[in-house]
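Breakdown of the fold
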Amino acid sequence: MSFINFARKEIAFKLVYYGPALCGKTTNLEEIHAAVAPDLRGDLTMLSTRQDRTLFFDFLPLKSDIIKGFTSKFQLYTVPGQAIYNETRKLVLRNVDGIVFVADSQWEKMEENAQSFRNMQDNLAEHKMSLDDIPYMLQFNKRDLPTAAPVHYIDFMLNNGTTRVPYVESVAKEGVGVFETLNLLSRMVLAAFMKANNMPAPSLPDEIAVSTSGG
Ligand SMILES: Nc1nc2c(ncn2[C@@H]2O[C@H](COP(=O)(O)OP(=O)(O)O)[C@@H](O)[C@H]2O)c(=O)[nH]1
Ligand SMILES: [Mg+2]
């Protein structure tokens, strides 16, 4: 649920990167953090173990002036992928405004992808939310690996809800597809926000959350 502060003229949106362990969620946030000008982003908070695995969540705040008269804040979160951290995952999904499900493209990760996707649906249901009501999209990551399954196969596995959602192919560790994903999800979230608040459908530029042109 987006949070509007009229006194400070701020709107905050919570975006969550969900997916199985080691699919590349933290890498997405690292790439964004590295590419965005410091005045448009806060610090990347990572709570990791030595094996580089997210323990609780990663958090990256971004700013944008896309809605006239307001500062839009996008709060990017990841979830810990390992099965035992389900309570944390549930907590991170509270009041979420938009979700990108990051799939690991490798054949041997397909069952983990499917399990994580079901787990996300279950956890949303516990918050009385559903993918039918929340802007969400897919990211097929690790497209660089020779063991990557074809896109149409992953799409067939994961994109079978009541409405089909967009996907982006990525190589997150090389920054490929990372901003495409972020900008697309931001557009979807803003469009949903404007619709819910009876604001005219926006004519949004391609780049929303942040500029990818460097500057
Ligand atoms: N080959 C390849 N490795 C990746 C890619 N994205 C991330 N990784 C690697 O996968 C591992 C897990 O990534 P991480 O972002 O920590 O996964 P998380 O558990 O989802 O947060 C790290 O070693 C990353 O460098 C990618 O697109 N291709
Ligand atoms: Mg992580």
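Our subject is the structure that appears above.
First, a word on what this report is: a plain description of the structure on this page. (Residues numbered from 1 in each chain as written. Chains lettered and ligands numbered in written order. Predicted model: local features only at pLDDT ≥ 70, side-chain atom pairs only at ≥ 80, totals over all residues.)

Attention now goes to the overall build of the protein. Tallying secondary structure elements over the protein gives 5 helices and 8 strands in all. Along its sequence from the N terminus, the protein presents helices and strands in the succession β-β-α-β-β-β-α-β-α-β-α-β-α. Over its C-alpha trace the protein gives a radius of gyration of 16 Å, about what one expects of a compact globule, namely 17 Å for 215 residues. Its C-alpha atoms put the protein at 50 × 35 × 30 Å along the principal axes. By the burial criterion, 40% of the 215 residues in the protein qualify as buried. In the protein, the proportion of contacts linking residues at least 24 apart, taken out of those at least 6 apart, comes to 69%. (Helix = DSSP H or I, 4+ residues; strand = E, 2+ residues; numbered from the N terminus. Rg over C-alpha atoms; globule rule 2.2 N^0.38 Å. Buried ≥ 20, exposed ≤ 12 C-beta atoms within 10 Å, placed from the backbone. Contact = placed C-beta atoms within 7 Å.)

The next subject is the site of ligand 1. Contacts to ligand 1 come from 20 residues, most closely from G24, K25, T26, T27 and K173. When residues in the shell around ligand 1 are grouped by element, the largest group, 3 residues, is from helix 1 (residues 25–35). Each residue belonging to the shell around ligand 1 can be placed in one class, and the counts come to 6 nonpolar, 8 polar and 6 charged. (Near = placed C-beta within 6 Å. Nonpolar A, V, L, I, M, F, W, Y, C, P; charged D, E, K, R; others polar.)

So, on to helix 5 (residues 178–196). Its 19 residues give helix 5 an end-to-end C-alpha distance of 27 Å, which sits within 8% of 27 Å, the value for a rise of 1.5 Å per residue. Positioned one or two residues after helix 5, N198 has a phi angle of 55°, which is positive. (Expected span 1.5 Å × (residues − 1).)

Non-glycine residue K9 carries a positive phi angle of around 55°. With respect to the helices and strands, K9 occurs in the loop between strand 1 (3–5) and strand 2 (10–18). Here L22, not a glycine, exhibits a phi torsion of approximately 70°, which is positive. Relative to the elements of secondary structure, L22 occurs in the loop between strand 2 and helix 1.

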